[in-house]
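Residue-level structural notes
Next come the chains, spelled out residue by residue.
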Amino acid sequence: MSRRWPITGLALAVLWLFVRGVDLTPQRLLEEFIIGLGVGMGIAFFFRRFYSDETGIQRSIRVAPYTILYVSTFLWELLTANVDVARRTLSPSMPIDPAVVEVPLRVRTPLAITTIANSITLTPGTLTMDYDDDTNSLYVHSIDGSDPAAILEPIRRWEDYALVIFDEELKPGDPAPQARVTEKNERTVATAGGEQNG
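All of the points below concern the structure found in this document. Every value quoted in this text rests on a predicted model; they were computed, and no experiment measured them.

Evaluated as defined, the whole model comprises nine salt bridges. Note that E77 and R157 form a salt bridge whose closest N and O atoms lie 3.4 Å from each other. In this pair, E77 sits in helix 3 (residues 57-90) while R157 sits in helix 5 (residues 148-165), placing the two residues 80 residues apart along the sequence. A relative accessible area of 15% places E77 in the buried class. With its nearest N and O atoms 3.3 Å apart, the salt bridge here joins E159 to R106. Here R106 lies in the loop between strand 3 (99-104) and helix 4 (110-122) and E159 lies in helix 5, a separation of 53 residues in the sequence. Across the pair, R106 and E159 agree in class, each one buried. One network of salt bridges, with partners in common, ties together R106, R156, E159 and D160.

What follows is the structure, encoded as structure tokens:
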């Protein structure tokens, strides 16, 4: 077993490199990594009481591929969503059919829910509006609600990875709860089984 806060500090140092957007020269990368290490270790040490004291190396190794998959699918969605929003902006004739989708979640821990909610908000064209603790659901606004399955598909993929990353009770193969869509003017609830007007 090893202490968790140094690993968190190291992860924050790597994140620092991405946030700073440094030149890809070895000297500049090393300089920024050292600065990020100082900042990351300081933050991780200060907040170390929020984490358990120790973490299993085996668990970290088991979770690493899912973390890489989560980040890579998030970056892909970020890229494609940017292109889609740019196309809609430059082509006013393209349909904009906003809708709010209720997304019941399988993840339960606050960190997993927050990670998914922030991933949705960071992706152009979607925004996490609210979280309902009673139903464990996110309310997601989408610029194009004409195809709820297209909205849910990346969220469910992220959730599959998050179930493993955050050591949730449910597993990726477990069925996801049904989602509902609320459209703009009239209150329409769409489910996989059809549509109900209310």
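Okay, back to it.
Where nonpolar side chains cluster on the molecular surface, the patch consists of I35, V39, I43, F46 and F47 and spans about 450 Å² of accessible area. Of note, V39 is situated in helix 2 (residues 26-46). Residue classification places V39 among the partly exposed positions, given a relative accessible area of 34%.

The next point concerns the nonpolar core. Formed by 22 residues in total, the largest nonpolar core has its most connected members in Y70, V103, V107, I116, I120, L138 and I155. Counting only elements with at least two residues in this core, the list comes to helix 3, strand 3, helix 4, strand 5 (137-142) and helix 5. When residues in this core are grouped by element, the largest group, eight residues, is from helix 5. In this structure V107 touches A112, I113, I116, N136, E159, A162, L163 and E168, once residues within four positions along its chain are discounted.

With a phi close to 50 degrees, N136 is a non-glycine residue in the positive phi region. Inspection of the secondary structure puts N136 in the loop between strand 4 (126-132) and strand 5. Residue N136 is classed as buried on the basis of its relative accessible area, which comes to 2%. Positive phi outside glycine occurs at D167, with the angle close to 55 degrees. The class for D167 is partly exposed, based on a relative accessible area of 47%.

How each quantity is defined
Residues numbered from 1 in each chain as written. Predicted model: local features only at pLDDT ≥ 70, side-chain atom pairs only at ≥ 80, totals over all residues. Heavy atoms only, no water. Salt bridge = Lys/Arg side-chain N within 4 Å of Asp/Glu carboxyl O. Helix = DSSP H or I, 4+ residues; strand = E, 2+ residues; numbered from the N terminus. Buried < 20%, exposed > 50% of the residue type's maximum accessible area, 1.4 Å probe, protein only. Patch = residues over 30% accessible without salt bridge, like charges linked within 9 Å, V, L, I, M, F, W, Y side chains within 5 Å. Areas by Shrake-Rupley, 256 points an atom, 1.4 Å probe, with all protein chains shown as cover. Core = buried A, V, L, I, M, F, W, Y, C linked by side-chain atoms within 4.5 Å. Contact = heavy atoms within 4.5 Å.

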